[in-house]
Amino acid sequence: MNIPANLKYTKDHEWISIEGDIATVGITDFAQKELGDIVYVEVETLDQTLDKDEVFGTVEAVKTVSDLFIPLSGEIIAFNDKLENTPESVNSDPYGAGWMIKIKITNEAEIDSLLSSESYKELIGV
């Protein structure tokens, strides 16, 4: 199970990479394995400002659809539009080509509520 130490995580299985006031978000290796083959990623919240834990989109796998929750309050400033044609990138490279959105963070204090890689490993029992 790939759980990079340099990222932050949520209990809802999103990963977060933070550079300054911009966060890149995707789903974890654990989440993509649980979902199975991903066939569609939908994000209709581009250019919207959402509060932490609001739904920013959905990910559709062969047998299920799951909501995606924004890990930090902020404006969604980018969507990985390559996922429209290659949603399977979330399965093959969840921490690289499978990233989903970029957020301009509006409440940096919320970063402290994110999980470290060690805490996330405990959450999923690895």
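So, here's what we can say about the structure. (Residues numbered from 1 in each chain as written. Predicted model: local features only at pLDDT ≥ 70, side-chain atom pairs only at ≥ 80, totals over all residues. Heavy atoms only, no water.)

1. Comments concerning the pattern of salt bridges
Okay, so step 1: Scanning the entire structure with this criterion turns up five salt bridges.
Okay, so step 2: Asp 21 is paired through a salt bridge with Lys 104; the nearest N and O atoms lie 2.4 Å apart. On the criterion of sequence distance, the pair formed by Asp 21 in the loop between strand 2 (14-19) and strand 3 (22-27) and Lys 104 in strand 9 (residues 101-105) is long-range, its members being 83 residues apart.
Okay, so step 3: Accessibility expressed as a relative area gives 36% for Lys 104, which makes it partly exposed.
Okay, so step 4: For the salt bridge of Asp 29 with Lys 33, the shortest nitrogen-to-oxygen distance reads 3.3 Å. Highlighted residues: Asp 29 and Lys 33, both in helix 1 (residues 29-35), separated by four residues, approximately one helical turn.
Okay, so step 5: On the accessibility criterion, Asp 29 (9% relative accessible area) is buried. (Salt bridge = Lys/Arg side-chain N within 4 Å of Asp/Glu carboxyl O. Helix = DSSP H or I, 4+ residues; strand = E, 2+ residues; numbered from the N terminus. Buried < 20%, exposed > 50% of the residue type's maximum accessible area, 1.4 Å probe, protein only.)

2. A few points about the pairing of strand 8 (residues 74-79)
For a regular strand, the rule is simple: side chains alternate between the two faces of the sheet.
Okay, so step 1: Summarising the sheet, strand 5 (residues 49-50) and strand 8 pair through two bridges and their orientation is antiparallel. Each residue of the ladder has a partner; that of Thr 49, found in strand 8, is Glu 75.
Okay, so step 2: By the bridge criterion, five bridges tie strand 8 to strand 9 in an arrangement that is antiparallel. Within strand 9, the position partnered with Ile 76 by the bridge is Ile 103. (Pairing = 2+ DSSP bridges.)

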